[in-house]
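For reference, the chains in residue letters:
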Amino acid sequence: MGTQEISSRLVNDKEQLEKRIKAIEKDLANKRSQDFAEQAGENENNEVLEEILSETHKELNLVNSAIARLSSGQYATCSSCDNPINPERLSALPYTNTCINCAE
Ligand SMILES: [Zn+2]
């Protein structure tokens, strides 16, 4: 995969994640505005959504830092041991910042 291809893939991922975050936040806001009688049953649902929301934020942070590393030329370098990251690993996990050895 060329740099250009990785870059557009990451930017695309970023857009998808941002859309997902907006949709979840909207959903949570809608649920919170319901009347109290209905809210009791919704609380559990909200917890699941909030968990997904926090995971999505984490993923977005990873994607953003991958984009930053890409523009600084550090993209394919392990942030932990400075060895090159296997291209196959990057292709499977485009936002990873560690080589396979450091990930385990
Ligand atoms: Zn490493």
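Above this text is the structure in question.
Quick caveat, the model's predicted, so the values are computed rather than measured.

Examining the overall build of the protein
Within the protein one finds 4 helices and 0 strands. Each helix and strand of the protein, ordered N terminal to C terminal, gives the series α-α-α-α. By the burial criterion, 12% of the 104 residues in the protein qualify as buried. In the protein, 58% of the contacts between residues at least 6 apart in sequence involve partners at least 24 apart.

Here's the deal with the nonpolar core
Judged by nonpolar contacts, Ile6, Leu10, Leu17, Val63, Ala66, Tyr75 and Tyr95 together constitute the single largest core of 7 residues. Broken down by secondary-structure element, the contributors of at least two residues to this core are α1 (3-32) and α2 (36-71). A per-element tally of this core places α1 first, with 3 residues. With sequence-adjacent residues up to four places away left out, Tyr95 is seen in contact with Leu10, Leu62, Val63 and Ala66.

Things to note about the environment of Asn61
With respect to the element layout, Asn61 can be found in helix α2. Linking Asn61 and Lys14, residues 47 residues apart in sequence, is a C-alpha distance of 9.0 Å.

Some thoughts on α1
The α-helix advances 3.6 residues per turn, and as a result positions three or four apart in sequence lie on the same side. Taking 1.5 Å of rise per residue, the 30 residues of α1 would be expected to cover 44 Å, and the 43 Å separating its terminal C-alpha atoms lies within 8% of that figure. Among all positions in α1, only Ile6, Leu10 and Leu17 are buried.

Observations regarding the environment of Cys81
Structurally, the position occupied by Cys81 is in the loop between α2 and α3 (87-92). Separated by 21 residues in the primary sequence, Cys81 and Cys102 have C-alpha atoms spaced 7.4 Å apart. Here Cys81 is in contact with Cys99, Asn101 and Cys102, once residues within four sequence places are set aside.

With respect to the environment of Leu28
In this fold, Leu28 is placed in helix α1. Given 16 C-beta atoms within a 10 Å radius, Leu28 is considered partly exposed. Setting aside residues up to four positions removed in sequence, Leu28 forms contacts with Asn46 and Leu49.

Conventions we followed
- Residues numbered from 1 in each chain as written.
- Predicted model: local features only at pLDDT ≥ 70, side-chain atom pairs only at ≥ 80, totals over all residues.
- Helix = DSSP H or I, 4+ residues; strand = E, 2+ residues; numbered from the N terminus.
- Buried ≥ 20, exposed ≤ 12 C-beta atoms within 10 Å, placed from the backbone.
- Contact = placed C-beta atoms within 7 Å.
- Core = buried A, V, L, I, M, F, W, Y, C linked by C-beta atoms within 7 Å.
- Expected span 1.5 Å × (residues − 1).

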